Amino acid sequence: MTNIDRSITVTKITRTFGDYTALNGVSLRVESGSIFGFLGPNGAGKSTLIKILATILASTGGSATVGGLDVATKSTEVRQRIGVALQDVGLDPVMRARELLVLQGRLYRLSTKEAKLRSEELLKTVGLADVDAKRKVGDFSGGMKRRLDLALALVHKPDILFLDEPTTGLDPVSRVQIWEEVRRLNRELGMTIFLTTQYLEEADRLADHVAIINDGMIVAEGTPTELKASIGQEVVTFAFSTPDMAAKALVLLQPLVTKVKTSGHEVLCYLNQAAQNLPQLLRVLDAAKLTITNVTIAQPTLDDVFLQATGARLNIDPTKEARSTKKS
Amino acid sequence: MTDIILLTVRTLKYYLRNPAETIPGIAISVFFLLVYNAGLSGVSNLPGFHGSYLAFILPVAIISAAINGAGLAGQSLVRDIQTGYYTKLLLSPARRLAIIWGAMIAGATVLLVEVFLILGLALLMGLKSQTGLAGYGMIILLTFIWGMAFSGFSVFVALKTKSANTTQASTFVFFPLIFLSSTFVPKEYITSHWLKIAATYNPTTYAFDAMRSLLIDGWQAKPLVLGFGILLAFATVTGVLSLIQAQRSTRLG
């Protein structure tokens, strides 16, 4: 298990669609047996990179290897070793779950007997074993479809698993189930997992290593702890009723903290010993008659890393956000 | 090879579960056979017309079944493209062309089943052939080539447009192909000049001629050579077009 190369190397990958540059010289390395979180907003280029690594899209520049194999020249071999669950599930709605799994197994060169055994095993794993065998996949709920799609990606016990926004649009319970399954696959089978997400929490909780992509470029990379440590200090966030007030507060707070920036009607101050220094900051703002609507003190999060790197907040609430249809 | 069989079986299962996709094709063919035979069989009493009208109209019913069966190939591909299953297949190590051939072979199988049904019905209606069993074999072979030609066309449209509506709409070439030909009366009897020209350039005319010669006149070299030659050429053109398009659509975008 340890001798197999399960790494991913991406070297200066570029992909353009006409005038639009989806990926602009992306380089990264995913170690064998790790969970890699590829974090970025919609349209940042996450799905484009997954499609290139999964051999269904060509890059317009650069190179990449998956499990030590070049994705451009060894595509068939790469396909045999990877499992892929794309953001849009690819299920034939008139087939049954077992049929799909057995066919998938056969296409990955399992014998009929192996494929049947494997599909029963997987249906249990993803919690679909008790579903009426005659039920068409088209009648499944969104969460069930997603779990079946994940099972299809696992049919041949791939060395490397690509998950494109595996929990987007799922309810919190299903999200946690998918997280647990991802951890189990990684821990028990040593599978390398490359997952894209727009959720900071997901990257933070699952990934050993995170890269943040924005507008087709990697803007930050490291372990979640490293990335947060790069922010260094604690973050005090003041919310004001108007962006105007936030702008005035920025000027006042600048001399008192290490770093300060605004985001809409909020002001973020980075400083040491935030709790001890807070009263002083409040006095200054109060003297200027700026109405504070909210104050929080927090350890830096990946969102702060993202804000630091891009100047904008990622700010996606998974519980409120509807499934996005925009290509990313 | 295994991939082709797996994907063909999958598509055939779909047709078995959704008879609504194949029944209209058979119904139209049976309609041709029953209604036109009943309504137009008097034509065979015209001077110069020889043989039964049943034998004359049978090729129209067969070719119409073939067009419907073959059109299914493109439609099942579009269905897969739209459900995303096509992408799932592309992600798998399945042979790229097996993904397309699976759909084409399944369509061809439906086509053959339909042709056997139509032939069986004609035999029940009292069809007599001058060339016997071998002649029927030839007719089935001609139909198969014709079907492959049309299936190539439908796959080409499906992969090119990726649109169910356009692929469905493209089957409307069925009408000019079937009707701008020596459909109801022999070509000599067509009085309209433009229709005669259209019939001359329509490959279907040569399929009709070859089949009719087998049923009515016995073994004749000229209509058979023309029939097989033109249909093979037609099938080659659409086959090459669909292969180029297939390679283009499965190659990395």
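Here's what I pulled together on the structure shown here. Quantities reported herein were computed from a predicted structural model and do not represent experimental measurements.

What follows concerns the packing of helix α1 (residues 2-17) of chain B against helix α5 (residues 96-124) of chain B. Residues and elements named next belong to chain B. Interhelical geometry of α1 versus α5 gives an angle of 45° and a closest axis separation of 8 Å. Here α1 lies oblique to α5, going by the angle between them. Seen from above, α1 lies across α5 with right-handed handedness. Facing α1, whose interface residues are D3, I4, L7, T8, T11, L12 and Y15, α5 presents A98, I99, W101, G102, A103, I105, A106, T109 and V110. For the contact of α1 with α5, the residue count by class is 11 nonpolar, four polar and one charged.

Residues and elements named next belong to chain A. Overall, antiparallel pairing links the four strands, which are arranged β12-β13-β11-β14 in an open sheet. Each edge of the open sheet is held by one strand with a lone partner, namely β12 (259-263) and β14 (292-298). Direction aside, neighbouring strands of the sheet carry axes that sit 15° apart on average. Bridge count for strand β11 (residues 234-240) against strand β13 (residues 266-271) is six bridges, and the pairing is antiparallel. Each bridged residue has a counterpart across the sheet, and for T237 the counterpart in β13 is L268. With respect to the sheet, helix α11 (residues 302-310) is in contact with β11, β12 and β13, its orientation differing from that of β13 by roughly 100°.

This part covers the sheet that holds strand β10 (residues 217-222) of chain A. Residues and elements named next belong to chain A. Across the sheet, which stays open at both edges, the six strands sit in the order β6-β7-β8-β3-β9-β10 with mixed pairing between neighbours. Of all strands in the sheet, those bounded by a partner on one side alone are β6 (82-85) and β10. Each strand axis lies, on average, 15° off the axis of its neighbour in the sheet, ignoring direction. Sheet topology note: the strand β9 (residues 209-214)/β10 ladder contains five bridges and is antiparallel. Within β10, the residue paired with N214 across the bridge is M217. Contacts from helix α8 (residues 224-231) reach β9 and β10 within the one sheet, and its direction differs from that of β10 by about 100°. Its contacts with the sheet put α11 on β3 (35-39), β9 and β10, and the angle it makes with β9 is roughly 40°.

So, about the interface of chain A and chain B. Contact residues are listed per partner, giving 29 residues for chain A and 23 residues for chain B. Interface area, chain A with chain B, both sides summed: about 2,400 Å², of which 59% is carbon and sulfur. Contact with chain B buries area across many residues of chain A, yet I56(A), R79(A) and L107(A) alone supply 24% of it, more than any other trio. Here chain A and chain B share six salt bridges between them. Between R17(B) and E99(A) there is a salt bridge, and its shortest N-O distance comes to 2.3 Å. Where chain A packs against chain B, one counts seven residue pairs in polar contact (both at pLDDT 80 or more). At the level of elements, α2 (75-81), α3 (97-107) and α5 (142-154) of chain A are the ones that each hand at least two residues to the side of chain A that touches chain B. In terms of residue class, the side of chain A that touches chain B is made up of 16 nonpolar, five polar and eight charged.

This part covers the packing of α3(A) against α5(A). Residues and elements named next belong to chain A. Two elements in contact, α3 and α5, have axes whose closest approach is 9 Å; the angle formed by their N-to-C orientations is 25°. Overall, the two elements α3 and α5 adopt an arrangement that is roughly parallel. For α3 against α5, the interelement crossing comes out right-handed. Of the residues in α5, those touching α3 at A97, L100, L101 and Q104 are L148, A151 and L152. Among the residues making up the contact of α3 with α5, the classes are represented as six nonpolar, one polar and no charged.

All right, on to helix α1 (residues 46-53) of chain A then. Residue and element names in this part refer to chain A. Extensive coverage of α1 is indicated by the burial of seven of its eight residues. Every buried residue of α1 is listed here: K46, S47, T48, L49, I50, I52 and L53. At the exit of α1 stands T55, carrying a positive phi of roughly 65°.

Residues and elements named next belong to chain A. In this structure the tally under the stated criterion is 16 aromatic pairs over all chains. Ring geometry for F36 versus F38: centroids 6.4 Å apart, planes at 35°, classification tilted. A residue is classified by how much of its surface remains accessible, and F38, at 0% relative accessible area, is buried.

Under the counting rule described, the total for this entry stands at 17 salt bridges over all chains. The partner of D149(A) in a salt bridge is K88(B), with the nearest N and O atoms 2.5 Å apart. Placement of D149(A) in helix α5 and of K88(B) in helix α4 (residues 85-91) is noted, with the two residues assigned to different chains. The pair formed by D149(A) and K88(B) is uniform in burial state, with each residue classed as buried. Here the residues in one salt-bridge network are D92(A), R10(B), R79(B) and D80(B), joined through shared partners.

Procedures and definitions
- Residues numbered from 1 in each chain as written.
- Chains lettered and ligands numbered in written order.
- Predicted model: local features only at pLDDT ≥ 70, side-chain atom pairs only at ≥ 80, totals over all residues.
- Heavy atoms only, no water.
- Axes fitted to C-alpha atoms, helices over the stretch in contact; angles between N-to-C directions.
- Helix = DSSP H or I, 4+ residues; strand = E, 2+ residues; numbered from the N terminus.
- Parallel < 35°, antiparallel > 145°, perpendicular 65-115°, else oblique.
- Left-handed = near helix turned anticlockwise from the far one by under 90°.
- Contact = heavy atoms within 4.5 Å.
- Nonpolar A, V, L, I, M, F, W, Y, C, P; charged D, E, K, R; others polar.
- Pairing = 2+ DSSP bridges.
- Buried area = accessible area lost by both parts, 1.4 Å probe.
- Salt bridge = Lys/Arg side-chain N within 4 Å of Asp/Glu carboxyl O.
- Polar contact = N/O pair within 3.5 Å; in protein donor to acceptor, adjacent residues only side chain to side chain.
- Buried < 20%, exposed > 50% of the residue type's maximum accessible area, 1.4 Å probe, protein only.
- Phe/Tyr/Trp six-rings, centres within 6.5 Å; stacked < 30°, edge-to-face > 60°.

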